[in-house]
Number of protein chains: 2
Amino acid sequence: MHFTSEKRLDDGVLEREFTLGEVPGILWVPEAASASAPVPLILLGHPTLGLRTMYPRLVARARHSAAEGFAAATIELPGSGDRPSWPALDRARADLRRAMQAGEPVSDEMVDALILPLVDKAVPEWQDTLDAVMSRPEIGGPVGYSGGVMSIGIRLAVVEPRIVAAVLFAGSLVPRVMFEEARQVTVPLHVLLQWDDEGNDRQAALDLFDAFGSKEKSLHANMGGHTGVPQSAGDAAAHFFTRHLKREAGPLDRQQTELMPAAYRSSRTGADLT
Amino acid sequence: MHFTSEKRLDDGVLEREFTLGEVPGILWVPEAASASAPVPLILLGHPTLGLRTMYPRLVARARHSAAEGFAAATIELPGSGDRPSWPALDRARADLRRAMQAGEPVSDEMVDALILPLVDKAVPEWQDTLDAVMSRPEIGGPVGYSGGVMSIGIRLAVVEPRIVAAVLFAGSLVPRVMFEEARQVTVPLHVLLQWDDEGNDRQAALDLFDAFGSKEKSLHANMGGHTGVPQSAGDAAAHFFTRHLKREAGPLDRQQTELMPAAYRSSRTGADLT
């Protein structure tokens, strides 16, 4: 892991760009983190638009993760940004765009051609990144994965035991074969779905949620299209990671633990027909 | 509104039982509330099991509402608890229980016979309660409705303009005709669904969520059966009311407002095919 730049953000988050082999990435660590008080890590997934394009959204998510006491890391996806172009991936994406813009049906083959090679190449790179980042003394404990390409999140959740919780965004194209992998996912999941996502098959998203093998999984459907995720949904996702990545509960969490089960867990009853 | 008992709970919540005509109810008001600083009200819906049976859950929800700065009120449903028995309703419930226990299909007629008379009688009583409670100087501002019989929540949200936000629990039996009323609901909705609710038709619940006319509505599906609502779901419901019933945002809310939209609202993009 070779650091190529270092910058202290105004809210005391240390942002360092790095390269790991040919893969560029960014690591954000809150000031408070140290060898004596290592912080958990959240891997920030993102679509295949390139790190430079995604930077404003990624740094905002990293700052929020830092405010919650988490480090965050992301890497460039294969064939994206400054990485060598990947003609096969570009062709698959162009074919898919053409079909969608022409209003033609998107075939399973088209989805497989775009997503499956991307997952096969990207997931080991995320795992290498995890090896490198977790070897740093200021970072330790459980790992979360958030967002980005749904199928990469699914594969990572299945093959990477260090990931103990994941926030996934429904709506990206998911190959049929990934539904089988979804059944093998066992970590707690927080799934976001945009109910009116123009680029999304709602039923497929519901079927995928149903397929996940996790005992603890929740689906959070909000109104609006692809880019309309409300801030409250992001807030809930942050609470999800705080619940699953933090060893100790804060006062609010304790208050919830005392009050909410009595208040809500038992607020429905099997005897309740109405 | 005639108060029949008054008790100060250890966390400083004033609990008063009252009767409004023949209808018994309970009002919970946080100590902080006064004529100079009136607090918003949440109506606590509940199933038809009687206030005495429901009291432990209701007081827990009321304490949590008070901790968030809200008053809470509930009333006995017609034919329940100490109110005069309602033979027609008892018969309809018995028919429904018999069919369910025999594993027979529950007909629309059976559901209508139980729910529609209950809604027609209960909703005006909730509105009378609102008139009485809102006339008190220590209570003011917008009103929320939470839980209980889904169809009562739907009807109230349609006919009662003082209700500005509602938390509804999917899973109770909803007559077909209520789907039409659901289209007329426009207030922000936070809908809880137990994904594996044994007594619940999941597709019907999803269809009902889709039918609601509200521009702002979110569905929160959690694993587990009828009584398995996790504490995090109650927590999210509390945040929903705080967002919609509180005039000012607290520090946390401000932080979210600054960080979350950048972090999440724009974390997906129409150009994102993967």
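As a reminder, the structure under discussion sits directly above these lines.
Treat the numbers as computed from the prediction; the structure is a model and nothing was measured.

Draft legend 1. Spotlight on the overall build of chain A. Within chain A, the regular secondary structure consists of eight helices and nine strands. Relative to its 274 residues, chain A shows a buried fraction of 58%. Relative to all contacts within chain A whose residues are 6 or more apart in sequence, the contacts with residues 24 or more apart total 68%.

Draft legend 2. Just the nonpolar core, in detail. If you look at the biggest cluster of nonpolar residues, it comprises 123 residues, and the most contacted ones within it are A:Leu41, A:Ile152, A:Ile154, A:Phe212, B:Ile152 and B:Ile154. Counting residues per element, this core draws most heavily on helix H3 (residues 108-134) of chain A, which supplies twelve residues.

Draft legend 3. Expanded view of the packing of helix H3 (residues 108-134) of chain B against helix H4 (residues 150-159) of chain B. Residue and element names in this part refer to chain B. Viewed as axis vectors pointing N to C, H3 and H4 meet at an angle of 50°, and their least axial separation amounts to 9 Å. Taken together, the axes of H3 and H4 are oblique relative to one another. Relative to H4, H3 is oriented so that their crossing is right-handed. Between H3 and H4, the contacting residues are Ile115, Leu118, Val119, Asp120, Ala122, Val123, Trp126 and Gln127 on the first element and Ser151, Ile152, Arg155, Leu156 and Val159 on the second. In terms of residue class, the contact of H3 with H4 is built from nine nonpolar, two polar and two charged.

Draft legend 4. Just the environment of B:Arg61, in detail. Residue and element names in this part refer to chain B. Looking at the secondary structure, you find Arg61 in helix H1 (residues 51-67). Its relative accessible area of 3% is what places Arg61 among the buried residues. Sequence separation of Arg61 and Ala238 is 177 residues, and the distance between their C-alpha atoms is 9.7 Å. There is a polar contact of 3.0 Å between the side chain of Arg61 and the backbone oxygen of Gly45.

Draft legend 5. Looking closely at helix H4 (residues 150-159) of chain A. Residues and elements named next belong to chain A. Taking burial as the measure, the ten residues of H4 include eight buried ones, the bulk of the element. By the burial criterion, the buried members of H4 are Met150, Ser151, Ile152, Gly153, Ile154, Arg155, Leu156 and Ala157. Buried positions along H4 lie against H3, strand S6 (139-147), strand S7 (163-169), helix H5 (176-183), strand S8 (189-194) and helix H6 (202-211).

What counts, and where the lines are drawn
- Every chain is numbered on its own, with residues counted from 1 as its sequence reads.
- Whichever chain is written first becomes A and whichever ligand is written first becomes 1, with later ones labelled in order.
- The predicted nature of this model means local features are confined to residues of pLDDT at least 70 and side-chain atom pairs, given and counted, to a pLDDT of 80 or more, with totals for whole chains, interfaces and linings taken over all residues.
- Working from all heavy atoms in the structure, the side-chain values ignore hydrogens and water.
- Per the convention used, a helix needs a DSSP run of H or I reaching at least four residues, while a strand needs a run of E reaching at least two, with both numbered from the N terminus.
- Burial status follows relative accessibility: with a 1.4 Å probe on protein chains alone, a residue under 20% of its type maximum counts as buried, one over 50% as exposed, and anything between as partly exposed.
- Residue contacts are counted whenever heavy atoms from the two residues lie within 4.5 Å of one another.
- Working definition of a nonpolar core: buried Ala, Val, Leu, Ile, Met, Phe, Trp, Tyr and Cys residues. They are joined through side-chain atoms within 4.5 Å.
- Whenever a helix is involved, its axis is fitted only over the stretch in contact; in every case the axis is a line through C-alpha atoms, and angles between N-to-C directions fall within 0 to 180 degrees.
- Each angle receives one of four descriptions, namely roughly parallel if under 35 degrees, roughly antiparallel if over 145, roughly perpendicular if within 65 to 115, and oblique otherwise.
- Here is the rule for handedness: rotate from the far helix to the near one, and if that takes an anticlockwise turn smaller than a right angle the crossing is left-handed, while a clockwise turn gives right-handed.
- Classes in brief: Ala, Val, Leu, Ile, Met, Phe, Trp, Tyr, Cys and Pro nonpolar; Asp, Glu, Lys and Arg charged; the others, Gly included, polar.
- Counting of polar contacts relies on pairs of N or O atoms within 3.5 Å, with two restrictions inside protein: one atom must be capable of donating a hydrogen and the other of accepting it, and residues adjacent in sequence are counted only when both atoms are side-chain atoms.

Interpretation note: all reported values are geometric properties and have no functional meaning in isolation.
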